[in-house]
Amino acid sequence: KNYPDTMLVCCDMAYSPFRPETFSSVFAIAILEHLYWLERVLFQIQKMLSASGHLYVLIPTEGAISWTLARNLFTLRRNAKIVGITPREMAEAMRVEHCNTVFAVDSAIRKFFHVDECSLWPFNFGGAHLNLVKCYRLSSI
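What counts and what doesn't
- Residues numbered from 1 in each chain as written.
- Predicted model: local features only at pLDDT ≥ 70, side-chain atom pairs only at ≥ 80, totals over all residues.
- Heavy atoms only, no water.
- Phe/Tyr/Trp six-rings, centres within 6.5 Å; stacked < 30°, edge-to-face > 60°.
- Axes fitted to C-alpha atoms, helices over the stretch in contact; angles between N-to-C directions.
- Helix = DSSP H or I, 4+ residues; strand = E, 2+ residues; numbered from the N terminus.
- Left-handed = near helix turned anticlockwise from the far one by under 90°.
- Contact = heavy atoms within 4.5 Å.
- 1 Å grid on protein atoms, 1.4 Å probe; cavity = no way out; pocket = protein on both sides within 12 Å on 5 of 7 lines; lining within 4 Å.
- Points joined across faces, edges and corners; volume = space filled by probe spheres on them.
- Nonpolar A, V, L, I, M, F, W, Y, C, P; charged D, E, K, R; others polar.
- Core = buried A, V, L, I, M, F, W, Y, C linked by side-chain atoms within 4.5 Å.
- Buried < 20%, exposed > 50% of the residue type's maximum accessible area, 1.4 Å probe, protein only.
- Salt bridge = Lys/Arg side-chain N within 4 Å of Asp/Glu carboxyl O.

Novice: Explain the packing of aromatic side chains residue by residue, including any values.
Specialist: Under the defined criterion, the tally for this structure stands at 5 aromatic pairs. Each ring, one from F18 and one from F23, has its centre 4.9 Å from the other, and the planes form 75°; the classification is edge-to-face.

Below you can see the structure in the form of structure tokens.
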């Protein structure tokens, strides 16, 4: 509604329908931790980006101490109750659904992209274990 000239496309990113160098920017907001074919998707994104394009990534620090603690203390029981399953079943569902840790995503990103900028939230120090979110601005290698 606010961007009438924008087109939304739903597709399997492991087999992208877009031609090489189609986009100047691609955003991956809280999605890479869910992808079973992470490196294939990153390869496709790299092909889609123009030579001077950027990939912007936001990823929860899945697999880090801070994220695990926050999930166990604040959301696991509540989400299990909402869905109608036990906390143990919810933990297993979350483990399967979040198949990549922040560390696996970071490693895969660096195979295809150069890290132009990287920041952490809420503290921009201490690495992934002390933070809940990691953000990147990346360019193709």
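Novice: With reference to specific residues and values, describe the packing of helix α1 (residues 38-48) against helix α4 (residues 102-112).
Specialist: In the contact formed by α1 and α4, the axes pass within 10 Å of each other and the chain directions differ by 35°. Crossing of α1 against α4: the hand is right-handed. Contacts from L38, E39, L42, F43 and Q46 in α1 reach A104, V105, A108, I109, K111 and F112 in α4.

Novice: Now, about the layout of surface pockets: what can you tell me, with residues and values included?
Specialist: Considering only enclosed or pocket space, the largest pocket measures out at about 690 Å³ in volume. Along its surface, the largest pocket is lined by 24 residues, and V9, C11, M13, V26 and F27 are the ones closest to its centre. Going through the elements one at a time, β1 (23-29) and α1 are the ones with two or more residues in the lining of the largest pocket. A per-element tally of the lining of the largest pocket places β1 first, with 6 residues. When grouped by side-chain class, the residues that make up the lining of the largest pocket number 21 nonpolar, 2 polar and 1 charged. Taken together, 13 residues make up the lining of the second largest pocket; nearest its centre are E62, T68, R71, M94 and R95. Of all the elements in the fold, those that place two or more residues in the lining of the second largest pocket are α2 (65-83) and α3 (87-97). In terms of residues, the lining of the second largest pocket owes the most to one element, α2, which gives 4 residues. Here the lining of the second largest pocket is built from residues that sort into 4 nonpolar, 6 polar and 3 charged.

Novice: Before we move on, could you go through the nonpolar core and cite the residues and values that matter?
Specialist: In terms of nonpolar packing, the biggest core is built from 24 residues, with L32, L42, I45, L55, V57, I109 and F113 touching the most fellow members. Those elements that place two or more of their residues in this core are β1, α1, β2 (49-60), α4 and β4 (133-140). Residues within four places of L42 in sequence aside, it is in contact with L32, L55, A108, I109, F112 and F113.

Novice: Give a detailed account of the pattern of salt bridges, specifying residues and quantitative values.
Specialist: Throughout the structure, instances matching the rule amount to 7 salt bridges. In this structure, the salt-bridge partner of R137 is E117, at a minimum N-O distance of 3.4 Å. Taken together, the positions of R137 in strand β4 and E117 in strand β3 (residues 113-121) put the pair 20 residues apart, joining distant regions of the chain. Since its relative accessible area comes to 46%, E117 is described here as partly exposed. The structure contains a network of salt bridges with shared partners spanning D106, R110 and K134.

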